[in-house]
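# Report on the structure
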Amino acid sequence: MTDCKPMESPCLSGPAPTKTDCDTPYDGTWDMMGFVGHGTYLQMCTRPDILLVMKLLSRFTVTFGNLHVLWAKHLLRYLKGTINLGLTYRSGFPLYLQIFTDASHASCVDTRRSILSLVVKLGGNTIYWKSCFSKIVSHSSTESELLALDMGATIFEGIRWLTQSMGGPFQGPVQIFVDNTSTITISTNPIQAGRNLHVHARYFYVRDLVYGGEVI
């Protein structure tokens, strides 16, 4: 793939590869396990932009089909076109933490579990990122977003303690950015409507942080 055609997007257009696509096995030679291993190393170090593709392909390291290999090769073409892309850290900004969370509701066709993602910034610089499948099947997009918010709030606690122990400034309410209005309402409003009863109580941990003035 050294001389492959560069691409501008890490994801191939169309539906994501699923377990059903394994019914058409790849007719060539491809080390998917090695590819996922090297790709995971890249995304853990400096390339959070390829995390979603690596998360999808990590489920098919042993058994995979043509579509899985097409997605892997497309990602290599994207890396070819962005070989000089990385993380840039700049100084001069207040060292305040910001958390960004998001979720794709029931995006896994095989299990209908959601993909939860978050990005943590310190002084405007990306210092932490994570993407994972939810441990339960969400009943609504609001619940999926709430799962991502809970994950962000939990990780925020650890990073805040670490930042302060390293001499970082003591920060007031930390901003958590969520793009779902219902999730924001549930996490800040103690009055629950009947239609939200399916949302598990353990994901209201973030509400205590809001009441305590730790996050906003």
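Everything that follows concerns the structure shown earlier in this document.
From a predicted model like this one, the values you see are computed outputs, not experimental measurements.

## A closer look at empty space enclosed by the protein
All told, the structure shown has 1 cavity of 30 Å³ or more when counted by the stated rule. Looking at the largest cavity, the residues that line it are Leu95, Leu97, Arg160, Thr163, Gln164, Pro169 and Gln171. Considering each element in turn, the lining of the largest cavity owes the most residues, 3 residues, to helix α4 (residues 141-165). Of the residues belonging to the lining of the largest cavity, the class tally is 3 nonpolar, 3 polar and 1 charged.

## Structural notes on helix α1 (residues 32-45)
Over its 14 residues, α1 runs 20 Å from end to end, which matches the ideal 20 Å to within 8%, given 1.5 Å per residue. Burial in α1 covers these residues: Met32, Phe35, Val36, Gly39 and Gln43. Projected onto a plane normal to the axis of α1, the buried residues spread over an arc of 95 degrees and lie on a single side. Structural note: α1 exposes Met33, His38, Tyr41 and Met44 on the side pointing more than 90 degrees away from its buried face. Where the residues of α1 are buried, they touch α2 (51-57), α3 (66-81) and β3 (125-133).

## Things to note about the pairing of strand β2 (residues 115-122)
A regular strand carries its side chains on alternate faces of the sheet. Two strands pair when backbone bridges link them, and strand β1 (residues 97-104) and β2 are joined in this way by 8 bridges, in the antiparallel orientation. Following the sheet pairing, Phe100 is matched in β2 by Val119. Pairing of β2 with β3 involves 8 bridges; the strand directions are antiparallel. Across the sheet, the residue bridging to Leu122 is Asn125, located in β3. Connecting β2 to the antiparallel partner β3 that follows it, the hairpin turn spans 2 residues, and Gly123 within it adopts a positive phi of roughly 65 degrees.

## Section: the sheet that holds β2
The strand order β3-β2-β1-β4 describes an open sheet built from 4 strands, whose pairing is mixed. The open sheet has two edge strands, β3 and β4 (175-177), and neither has a second partner. With direction set aside, neighbouring strand axes in the sheet form an average angle of 15 degrees.

Procedures and definitions
Residues numbered from 1 in each chain as written. Predicted model: local features only at pLDDT ≥ 70, side-chain atom pairs only at ≥ 80, totals over all residues. Heavy atoms only, no water. 1 Å grid on protein atoms, 1.4 Å probe; cavity = no way out; pocket = protein on both sides within 12 Å on 5 of 7 lines; lining within 4 Å. Points joined across faces, edges and corners; volume = space filled by probe spheres on them. Helix = DSSP H or I, 4+ residues; strand = E, 2+ residues; numbered from the N terminus. Nonpolar A, V, L, I, M, F, W, Y, C, P; charged D, E, K, R; others polar. Expected span 1.5 Å × (residues − 1). Buried < 20%, exposed > 50% of the residue type's maximum accessible area, 1.4 Å probe, protein only. Arc of directions from axis to C-beta. Contact = heavy atoms within 4.5 Å. Pairing = 2+ DSSP bridges. Axes fitted to C-alpha atoms, helices over the stretch in contact; angles between N-to-C directions.

Functional significance is not addressed by these values, which are geometric in nature.
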